[in-house]
Amino acid sequence: MKSKLDTGNSIFTIMTELSNKHNAINLSQGFPGFNPDPRLLEMVCKYIRSDNNQYAPMAGIPALQDCIADKIKKFYGRTIDACHEVTICDGATEALFSVIQAVVYPNDEVIVFDPAYDNYGPDIVLAGGITRHVPLIRTKERPDYHIDWQRLKDTINKKTKLIILNFPHNPTGAILKSEDLDTLADILCDTSIYLMSDEVYEHIVFDGKKHLSLSSHDELWSRSFVISSFGKTFHATGWKVGYCAAPIDLTEEMRQIHQWTCYSVVTPIQHGLAEFMQTHPEYIDSLSDFYEAKRDHFCKLIESSKFTYQVSAGSFYQLLDYSEITTDNDVSFAKKLTEEIGVASIPISVFYEKPPFEQKLRFCFAKENEILEQAAEKLCRL
Ligand code: PMP
Ligand code: GLN
């Protein structure tokens, strides 16, 4: 049968399998090397034991929808209607899928910023849409990866239906500045383009900076689907629970797809998450510090190596530049590093339509310090 998608395995599957095969330290696929908080585990188990094992409502259990609405109010200052504007999804992955299928019609164009998380492209293809790639840039004045506004303006046309943002950014760790939100609002003011903002690393932002959610901006919010994941925030990527927050008319559209794709999300975990968020609000407040210490530890360990870096501003990834080590391209160097040195990482060229010759690999530092130390010791040998 002819395949609808001809993508092969994702880079995360490829690198994790290679890592396992060579018994390497897996800093490739982004998942924490530790368990969720034991109190959260206990709460989930309690709900499993106390008969909360049948279907949840299609949009999520009200207690968890309320927690999301409270969180959006607390961090981004927006009051939203929990029941009609929050949908609990089967991970951020299903939220992304449902939004794209709801919004994108055949031949509509969707703009993504490269390097772009690999889930967006296939979802757009399945909707019959066309992906337009706008590379993030770095300049002398602004050395972080950021949006090239002129290029974005030049790419927008009558067929543009949706723009996908992802900050804190996977794989570069870049974050938005407040002027970025205003500039985006100005560019879009006379259009009916929708925004999908993938904010799964919203609670992992470093150096005293704050995440700028699209939900914090009046004009942007009215056209936005804001997506996040409990997996990143609660060290529980295997639970696959996320959500989409969007104004009521947009939510109604995405739920049309959500109800036929997934219908509802694992009940006892939703109850456990809601109780934990209600009783331990300080957990989220401390997450950035927790990961900032890991980022700093990893970077310090790498200082004496030939790798160079600009510290990550958010997410749990650090890019390392290996241009002082070899002229190899990133895909072959990532393979070599896994097979011969015993550390797996992610080559970032795979996230580009037209990759620049950048010799950078992405390392996940959401691991126990001991693991980071073992990995760094190997990387320093090069
Ligand atoms: N978006 C980005 C940018 C990601 O890095 C990931 C991976 N966690 C996801 C979406 C998917 O999240 P989930 O595991 O909740 O489906
Ligand atoms: N989001 C994870 C990462 O960026 C991978 C998720 C997956 O394997 N689908 O590494």
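It should be emphasised that the depicted structure is a prediction, and the values quoted were computed from it without experimental measurement.

### Concerning the domain arrangement of the protein
We note that the domain assignment places domain 1 (11–30 + 286–379) and domain 2 (38–281) within the protein. Measuring from the centre of the C-alpha atoms in domain 1 to the corresponding centre in domain 2 gives 25 Å. The partner domain 2 presents 25 residues to the 22 residues of domain 1 that form the contact. Elements supplying a minimum of two residues to the side of domain 1 that touches domain 2: α14 (287–302) and β9 (317–321). Looking at the side of domain 1 that touches domain 2 element by element, the count peaks at five residues for α14.

### Focus on the site of ligand 2
In the vicinity of ligand 2, the contacting residues are S10, F12, Q29, G30 and N170. Residues of the shell around ligand 2, tallied by class, amount to one nonpolar, four polar and no charged.

### Points about the site of ligand 1
In the vicinity of ligand 1 lie 15 residues, with G91, A92, T93, N170 and S229 positioned nearest. When residues of the shell around ligand 1 are traced back to their parent elements, those giving at least two are α5 (91–103) and α10 (230–233). Sorting elements by how many residues they give to the shell around ligand 1 places α5 first, with three residues. Across the shell around ligand 1, the residue classes tally to three nonpolar, nine polar and three charged.

### Considering helix α16 (residues 369–379)
Among all positions in α16, only L372, A375, A376 and L379 are buried. Along α16, the residues classed as buried sweep out an arc of 100° about the axis, all on the same side. Looking at the buried positions of α16, the neighbouring elements they touch are β1 (25–26), α14 and β10 (343–344).

### Re the sheet that holds strand β8 (residues 242–245)
Read from one edge of the open sheet, seven strands run β2-β8-β7-β6-β5-β3-β4, paired in mixed fashion. With partners counted over all chains shown, the strands left at the sheet margins are β2 (86–89) and β4 (130–135), one partner each. Ignoring which end each strand starts from, the neighbouring axes of this sheet average 20° apart. Judged from the four bridges that link them, strand β7 (residues 224–229) and β8 form a sheet pairing that is antiparallel. The residue of β8 that forms the bridge with S229 is G242.

### Description of the sheet that holds strand β12 (residues 360–364)
Read from one edge of the open sheet, three strands run β9-β12-β11, paired in antiparallel fashion. Strand pairing shows two members of the sheet lacking a second neighbour, β9 and β11 (346–347), which therefore form its edges.

What counts, and where the lines are drawn
- Residues numbered from 1 in each chain as written.
- Chains lettered and ligands numbered in written order.
- Predicted model: local features only at pLDDT ≥ 70, side-chain atom pairs only at ≥ 80, totals over all residues.
- Domains from an automatic or database assignment.
- Contact = placed C-beta atoms within 7 Å.
- Helix = DSSP H or I, 4+ residues; strand = E, 2+ residues; numbered from the N terminus.
- Near = placed C-beta within 6 Å.
- Nonpolar A, V, L, I, M, F, W, Y, C, P; charged D, E, K, R; others polar.
- Buried ≥ 20, exposed ≤ 12 C-beta atoms within 10 Å, placed from the backbone.
- Arc of directions from axis to C-beta.
- Pairing = 2+ DSSP bridges.
- Axes fitted to C-alpha atoms, helices over the stretch in contact; angles between N-to-C directions.

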